[in-house]
Amino acid sequence: MVAVLTGDIINSRQGNVLQWLDILKNTLNQYGQESKDWEVFRGDSFQLVTTPDKALLAAIHIKAAIKASKQYDVRIAIGLGKQTYKAQKITESNGPAYVNSGLAFEGLKKDTLALKTNIPDLDQPLNIMLNLALLTANNWSSTVATVIVRVIEHPTKNQKDIAKLLGKSQSNISEALTRGGYDEIMQLNTYYKQQIIKL
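To start, this report covers the structure provided alongside it.

1. What to know about the overall build of the chain
When helices and strands are tallied, the chain shows eight helices and five strands. Mapped in sequence order, the helices and strands of the chain form the string β-α-β-β-α-β-α-β-α-α-α-α-α. For 199 residues, the compact-globule estimate of 2.2 N^0.38 gives 16 Å, and the chain sits close to it at 16 Å. Its C-alpha atoms give the chain principal-axis dimensions of roughly 50 × 35 × 30 Å. The 199 residues of the chain split such that 48% are buried. Of all intrachain contacts in the chain linking residues separated by at least 6 positions in sequence, the fraction that spans at least 24 positions is 68%. Roughly 10100 Å² of accessible area belongs to the chain as shown, and the carbon and sulfur atoms make up 50% of that amount. Taken as two groups, the 23 positive and 18 negative side-chain charges of the chain have centres that lie 2 Å from each other.

Given below as structure tokens:
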């Protein structure tokens, strides 16, 4: 069982491609090797294969990293299922997880994050929760997004440590996490992980 994330950058043609490309690649690099586990293709599209338990956090991480660059956002579809063929390049691999990711991505209209498994009764409540989380996440400022990136990338550090990393006060960090709905989104991530065990 794997999770496949398929995504693209919103507003990618505005400004300088290097503003978001290096950020995207550096973030994807934290989840595996280029080509084998992730790839950027067609200019502003990307695909990542990871374990199902890491998939939602990876999507949140990528969204925060891209939104930290101010003028960009990202659309991501998560497909869960089997990987029946693993190629040297992720874009040539295949299986239900890839099909589900592609179908979920095609279904993204105004939504910027969706999930598809082979169990509709699981997909519906999780997607409603994701849409509710996006009411906050789609409006992250670059400041809030930057703090969320650092917290995700340094899970063992406390707010005081994060404040030191970013050259801010601890109260700034606390306020940013509250504004960004970080605790609630992490609760959603925990719930998601509990549900996918059923797959």
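And the narrative resumes.
2. What about a nonpolar patch on the surface?
A cluster of nonpolar side chains, namely Met1, Ile119 and Leu199, defines an oily patch on the protein surface of about 250 Å² accessible area. Under the relative-accessibility criterion, Leu199 is labelled partly exposed at 32%.

Conventions and cut-offs
Residues numbered from 1 in each chain as written. Predicted model: local features only at pLDDT ≥ 70, side-chain atom pairs only at ≥ 80, totals over all residues. Heavy atoms only, no water. Helix = DSSP H or I, 4+ residues; strand = E, 2+ residues; numbered from the N terminus. Rg over C-alpha atoms; globule rule 2.2 N^0.38 Å. Buried < 20%, exposed > 50% of the residue type's maximum accessible area, 1.4 Å probe, protein only. Contact = heavy atoms within 4.5 Å. Areas by Shrake-Rupley, 256 points an atom, 1.4 Å probe, with all protein chains shown as cover. Lys, Arg positive; Asp, Glu negative; His and termini not counted. Charge placed at Lys NZ, Arg CZ, Asp CG, Glu CD. Patch = residues over 30% accessible without salt bridge, like charges linked within 9 Å, V, L, I, M, F, W, Y side chains within 5 Å. Salt bridge = Lys/Arg side-chain N within 4 Å of Asp/Glu carboxyl O.

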